[in-house]
Amino acid sequence: MRKQQTWLPEAGEQVELRRQGRLVRRGTIDAVMQDHSGFWLAADGIDPRIYVHIEDPSLQIWAGSPPPAPSAAEARPQEPHERLR
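Before going into details, it helps to say that this report is about the structure given with it.

Cut-offs used in this document
Here, residues in each chain are numbered from 1, in the same order as that chain's written sequence. In keeping with the model being predicted, local features are shown solely for residues with a pLDDT of at least 70 and side-chain atom pairs are shown and tallied solely at 80 or more, while totals for entire chains, interfaces and linings include all residues. To obtain the side-chain values, all non-hydrogen atoms of the structure were included, while hydrogens and water were left out. Starting at the N terminus, helices and strands are each numbered in turn, a helix being any DSSP run of H or I of at least four residues and a strand any DSSP run of E of at least two. Each residue is placed in one exposure class: buried if its accessible area under a 1.4 Å probe, protein chains only, is under 20% of its type's maximum, exposed if it is over 50%, and partly exposed if it falls in between. Residue-level accessible areas treat just the shown protein chains as cover; the underlying method is Shrake-Rupley with a 1.4 Å probe. When DSSP finds two or more bridges between two strands, those strands count as paired. Put simply, buried Ala, Val, Leu, Ile, Met, Phe, Trp, Tyr and Cys residues joined by side-chain atoms within 4.5 Å make one nonpolar core. Every residue pair with non-hydrogen atoms within 4.5 Å of one another is taken to be in contact. In the sections that follow, a salt bridge refers to a side-chain nitrogen of Lys or Arg positioned within 4 Å of a carboxyl oxygen of Asp or Glu.

All right, on to the overall build of the protein chain then. From N to C terminus, the protein chain includes one helix and six strands. Tracing the protein chain from N to C terminus, the helices and strands come up as β-β-β-β-β-β-α. Counting the 85 residues in the protein chain, one finds 22% classified as buried. As displayed, the protein chain has an accessible area near 6900 Å², and 51% of this comes from carbon and sulfur atoms.

Have a look at this one:
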């Protein structure tokens, strides 16, 4: 994910919200205001649906695709593990 400077949110997009560099919330954009001044982050588990104002100076909004997960072949160790003696 990348920190967004000039960006227009889109429904369905994955975002991370950070305050002072620390992750506050991660989720999916549920709805966007018509004027793009903010968006609703969908409820997730015990986290409620919240409104996020784009110009909130205390928040950093990170958006974009996360890196792809490794395939099963890439995730397997290349050499067998040796037992400790």
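Examined bridge by bridge, strand β3 (residues 22–32) and strand β4 (residues 38–41) share three bridges and lie antiparallel to one another. By the bridge assignment, I29 is partnered in β4 with L41. Two elements, β4 and strand β5 (residues 50–53), share four bridges in a ladder whose sense is antiparallel. Across the sheet, the residue bridging to L41 is I50, located in β5.

With that settled, consider unusual backbone geometry. The phi dihedral of Q20 is positive, around 50°, even though this residue is not glycine. Mapped onto the elements, Q20 comes out in the loop between β2 (14–19) and β3. Take Q20: its relative accessible area is 81%, and that puts it in the exposed class. The backbone of H36 sits at a positive phi, close to 60°, despite the residue not being glycine. Mapped onto the elements of the fold, H36 is located in the loop between β3 and β4. Looking at H36, the relative accessible area reads 32%, which means it is partly exposed.

This next bit is on the nonpolar core. Within the largest apolar cluster, 10 residues are counted, these being W7, V15, L17, I29, F39, L41, V52, L59, I61 and A63. Of all the elements in the fold, those that place two or more residues in this core are β2, β4 and β6 (60–63). Not counting chain neighbours up to four residues away, the residues in contact with W7 comprise E13, V15, I29, F39, I54, I61 and A63.

Right, let's talk about the pattern of salt bridges for a bit. As enumerated under the stated definition, the model contains five salt bridges in all. Note that R18 is salt-bridged to E16, the shortest N-O span being 2.4 Å. Residue classification places E16 among the buried positions, given a relative accessible area of 9%. Salt-bridge contacts for R49 lead to D30; the nearest nitrogen and oxygen are separated by 2.8 Å. Separated by 19 residues along the polypeptide, R49 in the loop between β4 and β5 and D30 in strand β3 bring together distant segments of the chain. Owing to a relative accessible area of 39%, D30 belongs among the partly exposed residues under this scheme. Among the charged side chains, a network of salt bridges with common partners joins E16, R18 and R26.

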